[in-house]
Amino acid sequence: MITVEGVCKSFQEQKVLDDISFRMEEGKVYCLYGPSGSGKTTLMKIVGGLLLPDCGRVSGLEGKKLSFVFQEDRLLPWRNGKDNITLVTGEAPGAEKALALMELTGDKYPEEMSGGMRRRLAIARALAYGGDVYFFDEPFKGLDREMKLRIMNKVKAEIAGKTLLFISHDREEAEFFGCDQPILVGVEDQQIPD
């Protein structure tokens, strides 16, 4: 069980998160909903241990392997696709499998790739690294509908049974992954936004 208790965060004088609490059971899918700028990415980073909260705490991740797909692709431009993965995984066979799964070859550099290819490479890196808990922040942005459906099916099969904290403005994506519980961030009336 991952427990988030009373988390708050401010940047300078701007309060971004205020007293956020929820629990995540292992092997389930949780979706962060809220308007742009409401703190969804900040909350994901706090839960994943990449950012410290000003107050509150996160527990239950001790000893777990965490894997991230960030909003930005975060690729090294001086490394080809395969090297962008092996720098994280240290293992070539896992990189080859993840690249094939995402319909990529791995020989191109990020500047030679389309936006959708770079996005798929970022997903491939997270899948190759593996994990007990996955953090996806707008993972399928920039993919055309046909490609997105293919990639979502492959990702869903790969991470089946793992815990997923998922941020998307596309409700269809969240429903596709079977969101077990919406977590509302910065939503006054506690209704899930369309």
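Structural data are supplied above this passage.
What this report covers is the structure whose coordinates are included nearby. Since the structure is predicted, the reported quantities are computational estimates derived from the model, not experimental observations.

So, on to the overall build of the chain. Looking only at helices and strands, the chain has six helices and eight strands in total. Secondary structure of the chain in N-to-C order comes out as β-β-β-α-β-β-α-α-α-β-α-β-α-β. By the compact-globule yardstick of 16 Å for 194 residues, the chain fits well, its C-alpha radius of gyration being 17 Å. Out of the 194 residues belonging to the chain, those deemed buried represent 47%. Taking contacts inside the chain between residues at least 6 apart in sequence as the whole, the part at least 24 apart equals 69%. Total accessible area on the chain stands at roughly 9700 Å², and carbon and sulfur atoms take up 46% of it. Counting 26 positive and 31 negative side-chain charges, the chain places the centres of these two groups 3 Å from one another.

What follows covers the sheet that holds strand β2 (residues 14–24). The sheet built from three strands is open, its strands ordered β2-β1-β4 with antiparallel pairing. At either end of the open sheet lies a strand with only one pairing partner, and these are β2 and β4 (55–59). Taken over all neighbouring pairs, the strand axes of this sheet differ in orientation by 20 degrees on average, direction set aside.

Of note, Glu26 is situated in the loop between β2 and β3 (29–33). Using a relative accessible area of 51% as the deciding quantity, one classes Glu26 as exposed. A distance of 3.0 Å separates a polar atom in the side chain of Glu26 from a polar atom in the side chain of Lys64.

If you check helix α5 (residues 145–158), its first and last C-alpha atoms are 20 Å apart, about what 14 residues at 1.5 Å a residue would give, namely 20 Å. Those residues of α5 that fall on the buried side of the exposure criterion are Met147, Lys148, Ile151, Met152 and Val155. In a view along the axis of α5, the buried residues occupy a sector of 130 degrees, so they form one face of it. For α5, the exposed residues lying more than 90 degrees away from the buried face are Glu146 and Ala157. Regarding α5, its N-cap is Asp144, as a side-chain oxygen of that residue lies 3.2 Å from the backbone nitrogen of Glu146 further along.

Quick notes on the rules
Residues numbered from 1 in each chain as written. Predicted model: local features only at pLDDT ≥ 70, side-chain atom pairs only at ≥ 80, totals over all residues. Heavy atoms only, no water. Helix = DSSP H or I, 4+ residues; strand = E, 2+ residues; numbered from the N terminus. Rg over C-alpha atoms; globule rule 2.2 N^0.38 Å. Buried < 20%, exposed > 50% of the residue type's maximum accessible area, 1.4 Å probe, protein only. Contact = heavy atoms within 4.5 Å. Areas by Shrake-Rupley, 256 points an atom, 1.4 Å probe, with all protein chains shown as cover. Lys, Arg positive; Asp, Glu negative; His and termini not counted. Charge placed at Lys NZ, Arg CZ, Asp CG, Glu CD. Pairing = 2+ DSSP bridges. Axes fitted to C-alpha atoms, helices over the stretch in contact; angles between N-to-C directions. Polar contact = N/O pair within 3.5 Å; in protein donor to acceptor, adjacent residues only side chain to side chain. Expected span 1.5 Å × (residues − 1). Arc of directions from axis to C-beta.

So yeah, pure geometry; function would need other evidence.
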